[in-house]
Amino acid sequence: MEFSVKQALGVTNWFQDMCGIIGMIAQEEVTPTMLEVLKKLEYRGYDSAGLATIQNSKIERRRAQGKIENLELLIKEKPLSGHIGIGHTRWATHGVPSESNAHPHQKGDVIGVHNGIIENFREIKAELESKGYQFTSETDTEVVVQLCASYLDLGYTIEKAFESTLSRLEGAFALCFMFQVNADKLLIARRGAPLVVGYGNSAVFVGSDAVSLSHLIDDVIFLEEDDWAIVESKSLNIFNKSGVITNREKKRIERNFGEIGKGNYQHFMLKEINEQSEVLSYATASFIDHKSSRVEMLHGFNEIKSISRLILIACGTAYYACAVAKYWFEKYAKIPVEIDVASEFRYRDSPFEDKDLVILVSQSGETADTLAALRKVKGKVKKIISIINVMESSIARESDFVLPIKAGPEIGVASTKAFTSQLAVLASVVIYFASIRQILSNKEISELIDALMSAPRLIADVLAKEEEFKNFALKLENATSALFLGRGSLYPLALEAALKLKEISYIHAEGYPSGELKHGPIALVDSNMPIVCFAPYNDLFEKAISNVEEVLARSGNVLLITDQEGGDRSPQNHLPKIIMPKCHSFIEPIIYALPSQLIAYHTAVIKGTDVDQPRNLAKSVTVE
Ligand code: AGP
């Protein structure tokens, strides 16, 4: 077969979907409940949606581009009835979102939905086309459905056809299929993309995650890698990779803190920003005994003293949490630290040894690059610890140790409470390592613990200043670019602040170490360029302020975010500033995260962007 250059270079442009799945068999009509679940899956990001049911041995399908409301309208006009159904929210990373590309995809008696990437779909598609099969979409999903149909055409049973299909697939996928000829069962499979099954009083559910089903059922079963299953109203048969029937334990759905409603907030993001005070205490409560001033964690891991290097790996905001933690580990635990974004680490030939300790940070625990980084080092480094919010996720399950951040469901695509909770857990690990490696005295340990314990209160103090950040956001409304500056552990915070503004207000922004300004970026400075400088009164304050002076001398449009002492000492009284509560330098990155979130949030609201589901973004990037 002739490979295109792009394929030969391993550059593919097939249609990859990152989506939400629902499947259901019930005594009652399934459509209303499936629509409800699709709405709970919206947070994953999507651009089209679809449902299908079987009624009187006939498959009925409805698909619509855009928001789920469009699908609801369609179903109002052309109702869907039936006691078995499947549904899907599609997030296309390549190729146009369209009705024809929307799931479910059907071929004759087979119809299915899929999350993930089939890497050899072109080869299978060509094979089927050579046998006369014709396609109506450009998706890899339709190829899977047609392949299954081709086995049925050979006279296979639906189970044999489904299993034979799975054996041909390469890539990561979660599948949920139903069959017109056997309208009493769903066939499902998972490889690299999560899939859960749960039984309610009068229905059985299949879903991409437990959160989207948590209003319907209390317990779920998580399929493991390469499991496939036959789901019926009264029975569930799970087969492992070798085709042997197997048991998977039922798990209680963690009803994390915070229901999945917006409460009285306009957006999930604002709700989650305001949850941080409470959530941070959850994050540290698992590890810190404030009374005895001790940190306890990682039971059974007795080699912390022999670690020669820490490698912190993550993506996006989680990576910036790692970048902050680098300063902490080096300062307080005297451990050399490498940090890297997972999409680079996984392909770089960086040498690592068995005395390296890897820490992965991920809110969703499903980020494809971070999961790939884990699998790259598995068995080659001392241990893999993951700091995770979604405990039943793939990264959590494949790590040697998992530290929960307990932030509760984070629905807004822009990470806020997960970021500060990740920092709180990383700070707890730093204190623990500093104690085990006897770098800090008990007094110093207890000082850091007190500092960390003060974070929830200080966050509440910052939240009380929301109006000041809202007023500053007015100055950003018409900006075409913005600069965020910080020094020391506030430099990664400047990077995170820039990401927050970019991803929800669509204004270009950069984070920079203040000291680097004069090495180029100061050429950007004019009265139109908003520059936010994070500079509490600490040992780098004077340096940071001299950078502010450089910008002011070029009529830069500066906002100084500092504390009272910094405000008193800042050179120009007319300089716009927001005074933050005084805090221990250890937790500055946690407390100063709030301004970055609130400035971005209010700027986005003023600009009228889709704050909770910004364009082009998804909550969990489960594709590469
Ligand atoms: C953060 O605001 C972004 N939504 C994004 O950068 C996110 O942090 C990144 O995709 C990593 O996700 P994870 O924590 O679920 O691995």
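Structure report, in brief. Sequence positions are assigned chain by chain, starting from 1 and proceeding in written order. Totals for whole chains, interfaces and linings use all residues, but because this is a predicted model, local features are given only for residues with pLDDT of at least 70 and pairs of side-chain atoms are given and counted only at 80 or more. The side-chain quantities take in all heavy atoms of the structure and omit both hydrogens and water.

1. Structural notes on the overall build of the chain
- From N to C terminus, the chain includes 21 helices and 27 strands.
- Note that the radius of gyration is over C-alpha atoms, with the globule rule given as 2.2 Å times the number of residues to the power 0.38. Against the globule reference of 25 Å for 624 residues, the chain gives a C-alpha radius of gyration of 26 Å, in line with a compact fold.
- A 1.4 Å probe rolled over the protein chains alone gives each residue an accessible area, and that area as a share of the maximum for its type sets the label: buried under 20%, exposed over 50%, partly exposed in between. Each of the 624 residues in the chain was classed as buried or not, and the buried ones make up 60%.
- Each accessible area is a Shrake-Rupley estimate made with a 1.4 Å probe; only the visible protein chains count as cover when residues are assessed. About 23,900 Å² of surface is accessible on the chain, with carbon and sulfur atoms providing 48% of the total.
- Taking the 67 positively charged and 80 negatively charged side chains of the chain as two groups, their mean positions are separated by 2 Å. Each helix is a run of DSSP H or I of at least 4 residues and each strand a run of E of at least 2, with the numbering of both proceeding from the N terminus. Neither His nor the chain ends is counted toward charge; the positive residues are Lys and Arg and the negative residues Asp and Glu. Here the site of a charge means atom NZ of a Lys, CZ of an Arg, CG of an Asp or CD of a Glu.

2. Points about the side chain of Ser-620
- For Ser-620, the location among the structural elements is in the segment after α21 (593–607).
- Within the local environment of Ser-620, its side chain forms a polar contact with the side chain of Ser-364, the two groups lying 3.3 Å apart. Pairing of N or O atoms within 3.5 Å defines a polar contact, subject to two protein rules: one partner must be a possible hydrogen donor and the other a possible acceptor, and residues neighboring in sequence count only if both atoms are side-chain atoms.

3. Some remarks on the pairing of strand β18 (residues 309–314)
- With 6 of 6 residues buried, β18 lies mostly within the body of the structure.
- Inspection of the sheet shows β18 paired to strand β20 (residues 356–362) by 5 bridges, in the parallel sense. Residue pairing in the sheet places Arg-309 in a bridge with Asp-356 of β20.
- What makes two strands pair is DSSP finding at least two bridges between them. By the bridge criterion, 5 bridges tie β18 to strand β19 (residues 337–341) in an arrangement that is parallel. By the bridge assignment for β19, Ile-311 is matched with Glu-338.

4. Let's talk about the packing of helix α2 (residues 31–40) against helix α3 (residues 68–77)
- Axes here mean lines fitted to C-alpha atoms, for a helix over just the part in contact, with angles spanning 0 to 180 degrees between N-to-C directions. Here α2 crosses α3 at 170°, and the two axes come no closer than 10 Å. In terms of orientation, α2 lies roughly antiparallel with respect to α3. Across from Thr-31, Leu-35, Leu-38 and Lys-39 in α2, the residues of α3 making contact are Ile-68, Leu-71, Glu-72 and Ile-75. In what follows, roughly perpendicular refers to angles from 65 to 115 degrees, roughly parallel to angles under 35, roughly antiparallel to angles over 145, and oblique to any angle outside these ranges. Pairs of residues are marked as contacts when any of their non-hydrogen atoms sit within 4.5 Å.

5. Considering the site of the ligand
- Around the ligand, the structure places 14 residues, and the nearest of them are Ser-362, Gln-363, Ser-364, Thr-367 and Glu-503.
- Between an oxygen atom of the ligand and a side-chain N or O atom of Ser-362, the distance comes to 2.7 Å.
- Out of a free accessible area of 410 Å², the ligand has 91% covered by protein chains.
- Among the elements of the structure, α9 (316–333) and α17 (491–505) are those that each provide at least two residues to the shell around the ligand.
- Looking at the shell around the ligand residue by residue, the class counts come to 5 nonpolar, 7 polar and 2 charged. A cutoff of 4 Å decides nearness: a residue is near a molecule or strand if any of its heavy atoms lies inside that distance of it. Charged means Asp, Glu, Lys or Arg here, nonpolar means Ala, Val, Leu, Ile, Met, Phe, Trp, Tyr, Cys or Pro, and polar covers whatever is left, Gly included.

6. Remarks on empty space enclosed by the protein
- In the cavity and pocket records, a cavity denotes points on a 1 Å grid over the protein atoms alone where a 1.4 Å probe fits but cannot get out, a pocket denotes an open set with protein on both sides within 12 Å along at least 5 of 7 lines, and lining residues are residues with an atom within 4 Å of a point. Grid points are joined across faces, edges and corners, and a volume is the space filled by probe spheres set on the points. Applying the stated criterion to the full structure yields 1 cavity of 30 Å³ or more.
- Computed from the structure, the largest cavity encloses a volume of approximately 50 Å³.
- Around the largest cavity sit Arg-487, Leu-490, Phe-534, Ala-535, Pro-536, Asn-538, Leu-540, Phe-541 and Ala-544, which together line it.
- Among the residues making up the lining of the largest cavity, the classes are represented as 7 nonpolar, 1 polar and 1 charged.

7. Regarding the packing of helix α5 (residues 140–153) against helix α6 (residues 158–168)
- The contact between α5 and α6 brings their axes to 8 Å, and the two run at 130°. Considered as vectors, α5 and α6 are oriented oblique to each other. Between α5 and α6 lies a crossing whose hand is right-handed. Contacts between α5 and α6 pair Val-144, Leu-147, Cys-148, Tyr-151 and Leu-152 from the former with Ile-158, Ala-161, Phe-162, Ser-164, Thr-165 and Arg-168 from the latter.
- Taken together, the residues that form the contact of α5 with α6 break down as 8 nonpolar, 2 polar and 1 charged. A crossing counts as left-handed when the near helix is turned anticlockwise from the far one by less than a right angle, and as right-handed when that turn is clockwise.

8. Focus: the pattern of salt bridges
- By definition, a salt bridge exists where a carboxyl oxygen of Asp or Glu is found within 4 Å of a side-chain nitrogen of Lys or Arg. Scanning the model with the defined rule gives 29 salt bridges in all.
- Taking the shortest distance from any N to any O, the salt bridge between Lys-619 and Glu-410 comes out at 2.6 Å. On the criterion of sequence distance, the pair formed by Lys-619 in the segment after α21 and Glu-410 in the loop between β22 (401–404) and α13 (417–436) is long-range, its members being 209 residues apart. With respect to class, Lys-619 is no different from Glu-410; both count as buried.
- In this structure, the salt-bridge partner of Asp-563 is Lys-582, at a minimum N-O distance of 3.3 Å. Separated by 19 residues along the polypeptide, Asp-563 in strand β26 (residues 557–563) and Lys-582 in the loop between β27 (577–580) and α20 (588–591) bring together distant segments of the chain.

9. Looking at the nonpolar core
- Take the buried residues of types Ala, Val, Leu, Ile, Met, Phe, Trp, Tyr and Cys, join any two whose side-chain atoms come within 4.5 Å, and each joined set is a nonpolar core. With 101 residues, the main nonpolar core has Trp-328, Phe-329, Phe-433 and Ile-591 as its most contacted residues.
- If one sorts the elements of this core by residue count, α13 sits on top with 13 residues.
- Discounting chain neighbours no more than four positions away, the residues touching Ile-591 are Ala-455, Leu-458, Ile-459, Val-462, Met-580 and Cys-583.
- Ranked by size, the runner-up nonpolar core spans 29 residues in total, among them Phe-121, Tyr-151, Trp-228 and Phe-239.

10. A look at the sheet that holds strand β1 (residues 20–26)
- On the basis of which strands lie adjacent, the open sheet formed by 8 strands has the order β3-β2-β4-β1-β10-β9-β11-β15 and antiparallel pairing. Lying at the two open borders of the sheet, with one neighbouring strand each, are β3 (58–65) and β15 (250–252). Averaged over all adjacent pairs, the angle separating strand axes in this sheet is 20°, with direction ignored.
- Alignment of strand β11 (residues 219–222) against β15, held across 3 bridges, turns out to be antiparallel. Bridge assignment links Val-220 to a residue of β15, and that residue is Lys-251.
- Packing against the sheet, α2 makes contact with β1, β2 (48–55), β4 (84–90) and β10 (203–207), and its axis sits at approximately 160° to β2.

11. With respect to the environment of Ala-52
- Checked against the element boundaries, Ala-52 lands in strand β2.
- Among the residues examined, Ala-52 registers a relative accessible area of 0% and is labelled buried.
- When the C-alpha atoms of Ala-52 and Ala-523 are compared, they prove to be 57 Å apart, with 471 residues separating the residues in sequence.
- Ignoring any residue separated from it by four or fewer positions in sequence, one finds Ala-52 in contact with Met-34, Glu-60, Arg-61, Leu-80, Ile-84, Gly-85, Ile-86, Pro-104, Ile-111 and Met-178.

12. Here's the deal with the sheet that holds β18
- Strand order across the open sheet formed by 5 strands is β19-β18-β20-β21-β22, with parallel pairing between neighbours. Edge positions in the open sheet fall to β19 and β22, since each of these has one partner strand only. Direction aside, the axes of adjacent strands within the sheet are offset by 20° on average.
- Along the sheet face, helix α11 (residues 368–377) touches β18, β20 and β21 (383–388) and points at about 160° away from the line of β20.

13. Observations concerning the packing of aromatic side chains
- The aromatic pairing rule takes the rings of Phe, Tyr and Trp, using the six-membered ring of Trp, and pairs them if the centres are within 6.5 Å, calling planes under 30 degrees apart stacked, those over 60 edge-to-face and the rest tilted. Summed over all chains, the structure comprises 13 aromatic pairs.
- Aromatic side chains Trp-228 and Phe-239 sit 4.6 Å apart centroid to centroid with 20° between the ring planes, which places their arrangement in the stacked category. Of this pair, Trp-228 sits in strand β12 (residues 228–232) while Phe-239 sits in strand β13 (residues 236–239), placing them 11 residues apart in sequence.
- Accessibility expressed as a relative area gives 5% for Trp-228, which makes it buried.
- The exposure class assigned to Phe-239 is buried, which follows from its relative accessible area of 15%.
- Look at Tyr-332 and Phe-586: their rings are 5.1 Å apart centre to centre, the planes differ by 75°, and that puts the pair in the edge-to-face class.

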